[in-house]
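A closer look at the structure
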Amino acid sequence: MTVESVKPAAPGGAQAPVLREPPLAGGAVPLLGHGLKLVRDPLAFMSRLREHGDVVRLRLGPKTVYAVTTPALTGALALSPDFKIDGPLWESLEGLLGKEGVATANGPRHRRQRRTIQPAFRLDAVPAYGPILEEEAHALTTRWRPGETVDCTSESFRVAVRIAARCLLRGEYMDERAERLCNALAVVFQGMYRRMVVPLGPLYRLPLPANREFNRALADLHLLVDEIIAERRASGQKPDDLLTALLEAQDENGEPIGEQEIHDQVVAILTPGSETVASTIMWLLQVLAEQPEHADKIREEVESVTGGRPVAFEDVRKLRHTNNVVVEAMRLRPAVWILTRRAVTDTSLGDYRIPAGADIVYSPYAIQRDPHSYPEHLDFDPDRWLPERAKEVPKYAMSPFSVGNRKCPSDHFSMAQLTLVTAAVATKYRFEQVPGSDDATRVGITLRPQRLLLRPVLR
């Protein structure tokens, strides 16, 4: 199945009631509002909000934020021109993503940028990356030694960064940079999340140890991107890749795009993309350790398709159970668990009035675990994505790559690499957790295991 194959909810026939103000969620404290709950236990807090309404008001410091809790309204939010990419999440990410990249741009600039990068991710372009995806998936398994401990965080980042760099930027020798990216993003995304939910700006400029660590990590991320761009320019080479397309792109007036836009675009390729793919690989490795029956089923499926040869890119579409394991892992543990938008005009969501300039937040984590949408909603059940069952899932209850003009352009590319990596490692190894491993959820802008350590055992 694909995650887009779920059916839309039945349209309502009742006349819309008079618009009203959303209720205020309980539990706010003076000065910090609901920010304290969003720091202490954000996943549980967001998951309980639907009990209070389809749309509810939150206080984040002095700001009022509107939280949307149902699949139908999150879909309406993503598709409506009344809302744009903005709000607390994107403001907190500006230090990393900048204001001129495809992740944060709006309007004509965003449409132009999508046209520049989209050819690299077209469905018919992905097979050209197949040999690199195969090399990296199998290299991951050969680096590991049976019985030795694997640090899943560093290994997941290594394969995610190497694939992005080799396929999209034609970059080689990325191991050291992958390690830098892994370490820096862990600090940056956690720090940015705190800045989003507790917006006490002046305090974050004080020379405190946590602030200094955050600033060092952020500076190293931008230095890494500058190194990659400078190396390409110095080489004089123009391979047919995404970096060449960016270096030769033109703006609306036919002029070369600016250096800051090139920088921000490469940041968007390397950082959020690598972070989300790496986080998903970590969760998949946890699944293989905790759900050995599904690991065994993946191995059986791969062997039935390949006849015993190493799994290849051409096999990915045939690996239905493996694909469903990937989708179910993304449902329960989405890397991107919180998103925000901003209203550009006085508008509405459902029965509720949303004023111009209002910030809106919603949680794919909460939406994708909602018992209204999923029977046995906390069970890991890949078979819920079989065609006969997937059609019962409401539309927008599963949108890991978003929808509309903000849909992630690399969805097919990401699914191919996730499926291939999962198939390769599950075919060769079974996994055991080792002492010191901590698979509790680390919450930042993204979700990942705190410190997942596994021991691979040859099958």
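Residues numbered from 1 in each chain as written. Predicted model: local features only at pLDDT ≥ 70, side-chain atom pairs only at ≥ 80, totals over all residues. Heavy atoms only, no water.

Another aspect to go through is the overall build of the chain. When its secondary structure is counted, the chain shows 16 helices and 12 strands. If one aligns the C-alpha atoms of the chain with their principal axes, the spans along those axes are about 65 × 50 × 45 Å. For the chain, the proportion of its 459 residues judged to be buried stands at 54%. Across the chain, every contact between residues at least 6 apart in sequence was considered, and the portion connecting residues at least 24 apart equals 73%. Put simply, the chain shows about 19,900 Å² of open surface, and 52% of that area lies on carbon and sulfur atoms. Positive and negative side-chain charges of the chain, numbering 58 and 59 respectively, have mean locations separated by a distance of 3 Å. (Helix = DSSP H or I, 4+ residues; strand = E, 2+ residues; numbered from the N terminus. Buried < 20%, exposed > 50% of the residue type's maximum accessible area, 1.4 Å probe, protein only. Contact = heavy atoms within 4.5 Å. Areas by Shrake-Rupley, 256 points an atom, 1.4 Å probe, with all protein chains shown as cover. Lys, Arg positive; Asp, Glu negative; His and termini not counted. Charge placed at Lys NZ, Arg CZ, Asp CG, Glu CD.)

Membership of the largest hydrophobic core comes to 113 residues, with the highest contact counts inside it found for Leu-133, Leu-168, Leu-285, Trp-337, Phe-413 and Phe-431. Counting residues per element, this core draws most heavily on helix α11 (residues 259-290), which supplies 15 residues. Counting residues in hydrophobic clusters, the runner-up holds 14 residues, among them Tyr-66, Tyr-352, Ala-358 and Tyr-362. (Core = buried A, V, L, I, M, F, W, Y, C linked by side-chain atoms within 4.5 Å.)

On inspection of all chains with the given rule, the structure shows 25 salt bridges. The closest approach of N and O atoms between Arg-50 and Asp-370, which form a salt bridge, is 2.3 Å. Linking Arg-50 in the loop between α2 (42-48) and β1 (55-60) with Asp-370 in the loop between α14 (364-368) and α15 (387-390), this pair joins segments that are 320 residues apart in sequence. A relative accessible area of 25% means that Arg-50 is categorised as partly exposed. (Salt bridge = Lys/Arg side-chain N within 4 Å of Asp/Glu carboxyl O.)

Read across the sheet, 5 strands follow the order β1-β2-β8-β5-β3 without closing on themselves; strand pairing throughout is mixed. Each edge of the sheet is formed by a strand with only one pairing partner; in this case those strands are β1 and β3 (83-85). Strand-to-strand, the axes of this sheet are offset by a mean angle of 40 degrees, without reference to chain direction. In terms of strand pairing, strand β5 (residues 339-343) meets strand β8 (residues 359-362) through 4 bridges, oriented antiparallel. Looking across to β8, one finds that Arg-342 is bridged to Asp-359. (Pairing = 2+ DSSP bridges. Axes fitted to C-alpha atoms, helices over the stretch in contact; angles between N-to-C directions.)

What follows covers the sheet that holds strand β9 (residues 429-433). Judged by pairing direction, the sheet is antiparallel, and its 3 strands sit side by side in the order β4-β12-β9 without closing on themselves. In this open sheet, the two edge strands, each paired with only one partner strand, are β4 (150-151) and β9. Both β9 and strand β12 (residues 453-458) contribute to a ladder of 5 bridges, which runs antiparallel. Residue Tyr-429 lies in a different strand from β12, and its bridge partner there is Leu-458. Seen against the sheet, helix α16 (residues 411-428) touches β9 and β12 and runs at an angle of roughly 85 degrees to β9.

Below, the discussion takes up the packing of helix α7 (residues 152-168) against α11. Between two packed helices, what matters for the description is the angle formed by their axes and the separation of those axes. Where α7 contacts α11, the two axes come as close as 8 Å, and the packing angle between them is 135 degrees. It follows from the interaxial angle that α7 and α11 lie oblique. For α7 against α11, the interelement crossing comes out right-handed. In contact with Cys-152, Thr-153, Ser-156, Phe-157, Val-159, Ala-160, Val-161, Ala-164 and Leu-168 of α7, α11 contributes Ile-269, Leu-270, Ser-274, Glu-275, Val-277, Ala-278, Ile-281, Met-282 and Leu-285. In terms of residue class, the contact of α7 with α11 is made up of 14 nonpolar, 3 polar and 1 charged. (Parallel < 35°, antiparallel > 145°, perpendicular 65-115°, else oblique. Left-handed = near helix turned anticlockwise from the far one by under 90°. Nonpolar A, V, L, I, M, F, W, Y, C, P; charged D, E, K, R; others polar.)

Our focus in this paragraph is unusual backbone geometry. If you check the backbone angles, Glu-376 has positive phi at about 50 degrees while not being a glycine. Structurally, the position occupied by Glu-376 is in the loop between α14 and α15. Even without glycine at this site, Tyr-396 takes up a positive phi of about 75 degrees. Tracing the chain through its elements places Tyr-396 in the loop between α15 and α16. Residue classification places Tyr-396 among the buried residues on the basis of a relative accessible area of 19%.

For helix α13 (residues 320-332), built from 13 residues, the straight-helix expectation of 18 Å at 1.5 Å per residue is met to within 8% by its first-to-last C-alpha distance of 19 Å. Within α13, 12 of the 13 residues are buried, which leaves the element mostly enclosed by the surrounding structure. Every buried residue of α13 is listed here: His-321, Thr-322, Asn-323, Asn-324, Val-325, Val-326, Val-327, Glu-328, Ala-329, Met-330, Arg-331 and Leu-332. Those residues of α13 that are buried lie in contact with α11, α12 (292-306), α14 and α16. (Expected span 1.5 Å × (residues − 1).)

Let us look at helix α5 (residues 107-117). Because the α-helix completes a turn every 3.6 residues, residues three or four places apart line up on one side. Residues His-110, Arg-112, Gln-113, Arg-114, Thr-116 and Ile-117 constitute the buried set of α5. In this structure, the buried side of α5 is in contact with α10 (242-247) and α11.

Quick look at the confidence of the model for the chain now. Per-chain confidence: the chain averages 87 in pLDDT, with 92% of residues scoring 70 or above. Low pLDDT, under 50, characterises residues 1-10; the stretch is placed with 25 contacts to residues that sit more than four places away or in other chains. (pLDDT = per-residue confidence, 0-100.)

With respect to the element layout, Arg-232 can be found in helix α9 (residues 209-235). Looking at Arg-232, the relative accessible area reads 8%, which means it is buried. Among the polar contacts made by the side chain of Arg-232, one reaches the side chain of Thr-244 at a distance of 3.1 Å. In contact with Arg-232, other than residues within four places in its own chain, are Leu-169, Arg-170, Gln-237, Pro-239, Asp-241, Leu-243, Thr-244 and Leu-247. (Polar contact = N/O pair within 3.5 Å; in protein donor to acceptor, adjacent residues only side chain to side chain.)

Moving on to the packing of aromatic side chains. Evaluated as defined, the whole model comprises 5 aromatic pairs. Seen in terms of ring centroids, Trp-144 and Tyr-429 are 6.0 Å apart; in terms of plane orientation they differ by 40 degrees. Their pairing is tilted. Of this pair, Trp-144 sits in the loop between α6 (130-143) and β4 while Tyr-429 sits in strand β9, and the two are 285 residues apart along the sequence. Per residue, the accessibility class of Trp-144 equals that of Tyr-429, and both read buried. Centroid distance Tyr-429 to Phe-431: 6.1 Å. Interplanar angle 55 degrees. Geometry classified as tilted. Among the aromatic residues, ring-to-ring pairing joins Trp-144, Tyr-429 and Phe-431 into one connected group. (Phe/Tyr/Trp six-rings, centres within 6.5 Å; stacked < 30°, edge-to-face > 60°.)

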